[in-house]
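# Report on the structure
Listed below, chain by chain, are the residues.
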Amino acid sequence: MKSLEATPNYKDEFQSKYFPFILVLFSSTWLISTISAIKIVSFWGITLTGGFILFPVTSILSILIADVYGYKGSRQAIWCGTMVNLTYVFFINLVNQVPPSPSWALANEFHAILIPQTRLIFASVIGFWVSGFINSYSMSKLKIRGLDLASRILISSVLSITIDILLYFSIGLLGTIPFTIFKKLLLFAYSKKLICELLFLPIIWKLIDVFKKIEGFEIYDMNTNFTPFSIDNVYKINDYRKIQINKKKSSLTQERIIEDR
């Protein structure tokens, strides 16, 4: 085992190369999926919202961040996505209050399409904020307990999707449409998300392995304070696991950076 003294450049060695890019992609796809949800699309007779097209991307990134970069990385991503969405809501409503130019004929369309989304975006932010932290917490805890990757993805996904759907539909749509239609839409959306998660499980699994290889580490939340209300994103050196690639067997092995205390 390596000791802390034998690894003087450990901070540089375990600095993430790709997390900032993943963070931006996660926040932007979350916002775009919320904006896209206003459009109803149809594939082979199946009716979906436009936001559902981006759901797999946001979901995959959420799981990848939690498993590779730990709860603190996931917490940072959730707060960044929340700020991006709320910033959009604030400024799009501010722009809407500014009188349009007499030469611009799309003021009614601007208002009709973008402003009604305020409620949906708040529903999305609340639903994804709560479900995101549930997903991150369960992924991290199950990982510490030694559960295999597929099991912790499935368990965490079922929990987070259930909470997300219930909050999003209750806050965003309840009372705006007949209750019978509300129930059908909720059950249909819930089923679609669960099926989608199952179908994309092999892709999620592969991506997590790829990012562990190219980063050279993964994180275990052994010493993490799991409160959502923190900006701490710094891990101790013994929370990292170095990834070693066995080229002959094309497999990953893990090594503690320092011995357990």
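A brief report on the enclosed structure follows. (Residues numbered from 1 in each chain as written. Predicted model: local features only at pLDDT ≥ 70, side-chain atom pairs only at ≥ 80, totals over all residues. Heavy atoms only, no water.)

A separate point is the packing of aromatic side chains. What the rule picks out here adds up to 20 aromatic pairs. Ring plane angle 65° and centroid distance 4.8 Å describe the contact between Tyr71 and Phe226, whose orientation is recorded as edge-to-face. On the criterion of sequence distance, the pair formed by Tyr71 in helix H3 (residues 51–97) and Phe226 in the loop between strand S3 (217–219) and strand S4 (240–246) is long-range, its members being 155 residues apart. Among the residues examined, Phe226 registers a relative accessible area of 16% and is labelled buried. (Phe/Tyr/Trp six-rings, centres within 6.5 Å; stacked < 30°, edge-to-face > 60°. Helix = DSSP H or I, 4+ residues; strand = E, 2+ residues; numbered from the N terminus. Buried < 20%, exposed > 50% of the residue type's maximum accessible area, 1.4 Å probe, protein only.)

Counted under the stated rule, the structure contains 1 cavity of 30 Å³ or more. The computed volume of the largest cavity comes to approximately 30 Å³. If you go around the largest cavity, the residues you meet are Phe55, Pro56, Ser59, Ile60, Cys196, Glu197, Phe200 and Ile204. Mapped onto the lining of the largest cavity, the elements with two or more residues apiece are H3 and helix H7 (179–199). When residues of the lining of the largest cavity are assigned to their parent elements, the largest contribution, 4 residues, is made by H3. In terms of residue class, the lining of the largest cavity is built from 6 nonpolar, 1 polar and 1 charged. (1 Å grid on protein atoms, 1.4 Å probe; cavity = no way out; pocket = protein on both sides within 12 Å on 5 of 7 lines; lining within 4 Å. Points joined across faces, edges and corners; volume = space filled by probe spheres on them. Nonpolar A, V, L, I, M, F, W, Y, C, P; charged D, E, K, R; others polar.)

The next thing to look at is the packing of helix H6 (residues 149–172) against helix H8 (residues 201–215). Look at H6 against H8: their axes get within 11 Å of each other, and the N-to-C directions meet at 120°. By the angle class used here, H6 and H8 are oblique. Along this stretch, H6 crosses H8, giving a crossing that reads as right-handed. Facing Leu149, Ala150, Arg152, Ile153 and Leu154 of H6, the residues of H8 in contact are Leu201, Ile204, Trp205, Ile208 and Lys212. (Axes fitted to C-alpha atoms, helices over the stretch in contact; angles between N-to-C directions. Parallel < 35°, antiparallel > 145°, perpendicular 65-115°, else oblique. Left-handed = near helix turned anticlockwise from the far one by under 90°. Contact = heavy atoms within 4.5 Å.)

Remember, this is a structural readout, not a statement about activity or role.
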